[in-house]
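Structural features, examined
Residues per chain are reported as follows:
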Amino acid sequence: MAVSVRAVNNCAVLRSVATPPLSIFRHRNFNSLLHNSQFRRRRPKLSELSFSYHQSRCLLGVRSYSIQSLFDSIMSEFESMRKIGSRVSATKNKLGIITSGSVVEDKVEKRALKKGLLLEFKKDSERFLLAVAQKPDGRKNWMVFDQNGVTTSIKPQQITYVVPGVENFDQTDISDFIQKAQNNLDTTLLEFAWVELLESNKSVTAEELAEMIFGSSEPLESYCAHLLLSRDDIYFTSLHSKGPAVYGPRTTVQVEERQRRKLAQEAADKEFEEFIKLLKSARKLPLDAKPPKSSWKVDDTVWHKIESLQAYALDTCKDDEQKTAGMILKAMGMVKKSSSAIGLLIDIGYFPVHVNLELLKLNIRTDYADNILSAAENLLLESSDTDEVDRVNLTHLKVYAIDVDEADELDDALSATRLQDGRIKVWIHVADPSSLVQPGSILDKEAFKRGTSVFLPTATYPMFPEKLAMEGMSMKQGKLCNAVTVSVVLHSDGSIAEYQVENSVIKPTYMLTYESASELLHLNLEEETELRILSEAAALRLQWRREQGAIDTTSIDTRIKVANPDDPDPIIKLYVENQADPAMRLVSEMMILCGEAVATFGSCNNIPLPYRGQPQSDIDLSAYAHLPEGPVRTSAIVKIMRAAEMDYRKPIRHGIMGLPGYVQFTSPIRRYMDLLAHYQVKAFIRGESPPFSAGQLEQMSSNVNMQAKIAKKLFYSSLRYWILEYLRRQPKEKRFRALILKFVKDRIAALLLTEVGFQATAWVSVGSQIGDEVVVRVEEADPRDDTLSLKEIVQET
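What comes next is a walk through the structure. A quick note: this is a predicted structure, and the numbers were derived from the prediction, not measured. (Residues numbered from 1 in each chain as written. Predicted model: local features only at pLDDT ≥ 70, side-chain atom pairs only at ≥ 80, totals over all residues. Heavy atoms only, no water.)

Let's talk about the nonpolar core
To be explicit about the condition: For the purposes of this section, nonpolar cores are sets of buried Ala, Val, Leu, Ile, Met, Phe, Trp, Tyr and Cys residues that join through side-chain atoms within 4.5 Å. Working definition: with a 1.4 Å probe on protein chains only, accessible area under 20% of the residue-type maximum means buried, over 50% means exposed, and in between means partly exposed. Secondary structure elements follow DSSP: runs of H or I no shorter than four residues count as helices, runs of E no shorter than two count as strands, and numbering proceeds from the N terminus. The contact definition used throughout considers only heavy atoms, calling two residues in contact when any of these lie within 4.5 Å.
In terms of nonpolar packing, the biggest core is built from 43 residues, with Ile402, Val426, Ile428, Leu586, Met590 and Phe665 touching the most fellow members. Contributing elements (two or more residues each) for this core: strand 14 (400–403), strand 15 (412–418), strand 16 (424–431), strand 19 (481–490), helix 18 (514–523), helix 19 (529–547), helix 20 (582–604) and helix 22 (672–685). Looking at which element gives the most residues to this core, the answer is helix 20, with 12 residues. In this structure isoleucine 402 touches Leu512, Thr513, Tyr514, Ala517, Leu531, Leu586 and Val587, once residues within four positions along its chain are discounted. Counting 35 residues, the second-largest nonpolar core is a separate cluster that includes Ile178, Ile213, Tyr235 and Phe236.

A closer look at the pairing of strand 12 (residues 246–249)
Short version of the rule: Pairing between strands is defined by DSSP: at least two bridges between the two strands are required.
Side chains of strand 12 alternate between two faces, with Val246 and Gly248 and Tyr247 and Pro249 buried alike. Bridging between strand 10 (residues 204–205) and strand 12 involves 2 bridges; their strand directions are antiparallel. Within strand 12, the position partnered with threonine 205 by the bridge is valine 246. As defined by bridge partners, strand 11 (residues 236–238) adjoins strand 12 across 3 bridges and the pair is classed as antiparallel. Its bridge partner being in strand 12, serine 238 is matched across the sheet by tyrosine 247.

Quick word on the sheet that holds strand 6 (residues 128–137)
What counts here: Only C-alpha atoms enter the line fits that serve as axes; for helices the fit covers just the stretch in contact. Angles between N-to-C directions range over 0 to 180 degrees.
Spatially, the 5 strands line up as an open sheet ordered 8-7-6-5-9, and their pairing is antiparallel. Edge positions in the open sheet fall to strand 8 (151–154) and strand 9 (159–162), since each of these has one partner strand only. Averaged over all pairs of adjacent strands, the angle between strand axes in this sheet comes to 45 degrees, irrespective of strand direction. Of the pairings in the sheet, the one linking strand 7 (residues 141–146) to strand 8 comprises 4 bridges and is antiparallel in character. Across the sheet, the residue bridging to methionine 143 is serine 153, located in strand 8. Running at roughly 145 degrees to strand 9, helix 9 (residues 219–231) makes contact with strand 5 (118–122), strand 6 and strand 9 of the sheet.

Considerations on the packing of aromatic side chains
The description of two aromatic rings rests on the distance between their centres and on the angle between their planes. What counts is decided by this rule: Between rings of Phe, Tyr and Trp, where Trp is taken as its six-membered ring, a pair exists when centres lie within 6.5 Å; planes separated by under 30 degrees are stacked, by over 60 edge-to-face, and by other angles tilted. In our convention, an over-ring charge means Lys NZ or Arg CZ found within 6 Å of a ring centre and within 35 degrees of that ring's normal.
Applying the stated rule across the entire model yields 11 aromatic pairs. Centroid distance phenylalanine 715 to tyrosine 716: 5.0 Å. Interplanar angle 70 degrees. Geometry classified as edge-to-face. On the basis of relative accessible area, tyrosine 716 is assigned to the partly exposed category, the value being 47%. If you follow arginine 450 out to its NZ or CZ, it ends over the ring of tyrosine 368, 3.6 Å from the centre. Over the aromatic face of tyrosine 575 sits the side chain of arginine 559, whose NZ or CZ is 4.3 Å from the ring centroid.

A word on the pairing of strand 27 (residues 748–753)
Taken across its 6 residues, strand 27 has 5 buried, putting it largely inside the fold. Sheet topology note: the strand 26 (residues 736–745)/strand 27 ladder contains 6 bridges and is antiparallel. Within the sheet, the bridge partner assigned to lysine 742 lies in strand 27 and is alanine 750. Linking two consecutive strands that pair antiparallel, namely strand 26 and strand 27, is a turn of 2 residues; a positive phi of about 50 degrees is found at aspartate 746 within it. Across 6 bridges, the pairing between strand 27 and strand 28 (residues 758–763) is antiparallel. Residue pairing in the sheet places leucine 753 in a bridge with phenylalanine 758 of strand 28.

Right under this line is the structure:
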């Protein structure tokens, strides 16, 4: 048998001329053996290759082989490798690869760049391109012509491989060269080479691997070997960080572990691909055919990915969720940002089109646990009244309950009469939930956690379970209702002459909206004398408060109701309410009067209460006299007001209201701080000690006020969203009147859209002044992006 000698690593390596390259072993029976762990731990027997004499002749081409000669050739190669390996001092690298440092160094050959060389370079973190060297670019860089037909300058450190044996490569042949290489890649050959090299403790260069598996180290074969090695993360690891790469075989344990990881990753990739198909399929369906939200929760693997998208949409991602969501958005061809995740979840039907993201972000309690609902049901069935014997019967009074037309919880009502001496007496009747719910009870604890009812354009989430709040606690027209009544006799100047706080039972006569109450006041009907007296009392109180330094901060408020928010195109009802409206002024003045009376009652009887105040500041109202009364002046004054303060032992002055003391008392169904005031006052009326000390009230108010702030933030963000959605739907030609509140910069003005009750900014004409009215149209409104663009319509004179 003829033998040739070739020099590798300064050592003589014997290779039988008759020994075929490993590429002939690409046979299905042999490939199955490569996956057998027992086969890996011993030298393969030629008989296990299952090659027949005729098959080997066909595979090896024109050269004729016998089974014995083939066996002798392979055994000769094995023996030569073993002898060489025994002469090399092997060391283990940090991955457990057995190799020789000197052998690795000998294999690394630096090649100087010159025109016409074929090379591979790293374009970016994910792309490697083949190119032909053109000319130097400066001292170190080179201009190259890459496979995409682009000429670019690259740094030496970008070069990952120089194809050997190539001179003056024709750049037009790059694509053909790449295609041939791709057609010749077979990872099975790499696995067989790993078995060989692991047994002989050998490292290998791309050219040596090409000779080993293809029987040739020609340019194409060498490049194929480089691709196999550089893309492989199972069998080989790079041993040299600079210059041409040298690769060593990983240990059997490492290979098996990496194969397990690869199989697991392939399974995960397949699962991910199926999920993306599911998203794309759902995305294509019409809105009425989208899968229900519950269907995304059936499969845990699907639900985990949906949760990641939701967390990404809400900006509450953990690291693993962010990675998963980013992969999903990338696979869907979308930009990696929260708005993309929102859009995708809407497109698949998981989120409704007008999903309230703030509601989800703030984790607002929208449902009640079964035990809370059961407790509420039991209270309604028992219908016991702990204060029944102490209640004053006020059913003879005409009682007006005035509120918005869609009010869910009616918790205050009013009565009035004129005394024989001409003074006015008013009664402020307040719902009495504390007659049902006791401090420390399961329902009280739940209300404390919530802190307040949450009112949104789309829904109301009450502090108490809905049935209890609406049926057991709220006032109803023509029905006997328990109340806590604060009665006040006014001096002729509007100050408090007498007051009394007592448990009562009333029978509301009228349930009026603000609009209908204002209409009745305008009609001045003889039979509604009590309503006129209430209006007169409100006027007296406003005048008195102003004399005490109160600052009028009436403004325009917007109220929106959306009946079907889950529909893509819901119906939006918008109401604009002027707080200076007679009926609204009447109600607000009576509520303020009630708060002053309760504060006085608490002060006289040393009752710890949540007394609320607000420093007067040094507001010089004359400085704002040039501004029109109403929203323009209010907007300017509100900006300089100081924050409210609390005291739980004694009243503190409320400078803005012009009161010596104030306690919120009129909304105990919807505000827990009001309920706390009821607990304290009612205990005193019964002759008991208040359930909470001043210190306990202060501690409890910390949680309650935090919840109230969250609810307020949610209310305003939701209101803004739906106002913008309302404006988005308006015809482009529609015009809106707006008041100039102030100038932000140059001619950019803060405007109040008076027909919408919404503030925005826009450029206004030169010569416009604060308080002027301008006309604008909506150029663009996007509630999801929270943007509004207005343009002034200049009136021709």
